[in-house]
Amino acid sequence: MALDGNTLAGPLSELFAVDVTAAVSRCAGCGQQDAVADLLVYGPDPGWVARCPGCDSVVLRIVRGPSAVWLDLHGSAALRIPL
Amino acid sequence: MAGTAISGRLTGRLVWQRATLLAVTEETAGARSLAFEVPGWPGHLGGQHVDLRLTADDGYTAQRSYSMSAPAGGDLVTITVQRVDDGEVSPYLVDQLRIGDAVELRGPVGGWFVWRPTDPAPVLLVGGGSGVVPLMAMIRARRAAGSRVPFRLIYSVRTPADVLFARELRQPPIADGGLDTAWVYTREAPAGAAGLPHRITLSDLTAHGWPADLEPMCFVCGPTGFVEAVATALVDLGHPADRVKTERFGPSGS
């Protein structure tokens, strides 16, 4: 069972100055657009994985190591961030 | 007030802060509210979360995200935690954490599933189980702001004994005028309740929600299946998808 992107607000706040959960992401797999808050999220261990609710493709991944955070966004074709 | 949380967020990166447990309220047999003192807390909006981190003596850490159940009040941060029996963090918070104990908190976080007192649109809140927690924060924030924005809450819960914030919702203070609460019991209804126990249906949403014409903002929070069913039904009833905000939780959030 999945959480959703709301739970990424804290982990993403380590990386971004704005709240990315309110951003709209476009899935690189199927093109569907969703608020990051609405992505299906699995985690936190070994890392966070957010999937598209439309096609289940991985949209973003966050893995935290001892000295760095990996942010993998290759499944997101675009992020529209409200200002 | 509403702006404080946001501008505070933009001026610096969030850091983990030491939070000391000040007060405990038993809500049900399996849930309690924990009020922490967090010096310098910047304030928050109804619906926002905190991340909570526990560190064991050997350095092992566990981290979870919890919705706050009350609006900002000075340095006080209140969360309501439902025990998940095979969970790693919630049994500790519900059964073991004592007044004076410290945890680490980081927040407020989350700008999506939030109600802003400046928004004049009527509000529909639909909560399943402990999904009512962030909705309660919105109800209390409305009260604290003296807002007259019409609120409707549909609260789906297994049995009367599982109801969180029972007294406050069943006998609301006068300042909650304009809040209407409807109950859906899924396993056992109280004596005198209309209808048999059932899962929430389209007709519950029609009877106790707002017509889509009024352009309400809808907030739906609960387990994943509940949220999917309610959000789909609201869109079927004509509510635009961008007026239906959702928050899901599952066992991994325990």
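Here we summarise the structure given alongside this text.

Another aspect to go through is the sheet that holds strand S7 (residues 69-72) of chain A. Residues and elements named next belong to chain A. Pairing is antiparallel in the open sheet, where five strands are placed in the order S1-S4-S5-S6-S7. Whereas interior strands pair on both sides, the edge strands pair on one side only; in this sheet they are strand S1 (3-4) and S7. Here four bridges tie strand S5 (residues 48-51) to strand S6 (residues 58-64), and the two strands are oriented antiparallel to one another. Looking at the pairing, Ala 50 lines up with Leu 60 of S6.

Another point: unusual backbone geometry. That bond from Asp45(A) to Pro46(A) is cis: its omega, 0°, falls within 30 degrees of zero. With respect to the element layout, Pro46(A) can be found in the loop between strand S4 (40-42) and S5. Phi is positive for Asp56(A), which is not a glycine, with a value near 75°. Backbone geometry at Glu215(B) places phi at a positive 50°, although glycine is not the residue there.

Mapped onto the elements of the fold, Leu14(B) is located in the loop between helix H1 (2-10) and strand S1 (17-28). For the pair Leu14(B) and Asp58(B), spaced 44 residues apart in sequence, the C-alpha separation works out to 25 Å.

Residues and elements named next belong to chain B. Between its first and last C-alpha atoms helix H6 (residues 224-236) spans 18 Å; for 13 residues at 1.5 Å apiece the expected length is 18 Å, and the two agree. Taken together, the buried positions of H6 are occupied by Thr 224, Phe 226, Val 227, Val 230, Ala 231, Ala 233 and Leu 234. Summarising the contacts, the buried residues of H6 are in contact with strand S7 (123-128), strand S8 (151-157), helix H5 (202-208), strand S10 (217-223) and strand S11 (244-249).

Each value, and the rule that gives it
- Residues numbered from 1 in each chain as written.
- Chains lettered and ligands numbered in written order.
- Predicted model: local features only at pLDDT ≥ 70, side-chain atom pairs only at ≥ 80, totals over all residues.
- Heavy atoms only, no water.
- Pairing = 2+ DSSP bridges.
- Helix = DSSP H or I, 4+ residues; strand = E, 2+ residues; numbered from the N terminus.
- Expected span 1.5 Å × (residues − 1).
- Buried < 20%, exposed > 50% of the residue type's maximum accessible area, 1.4 Å probe, protein only.
- Contact = heavy atoms within 4.5 Å.

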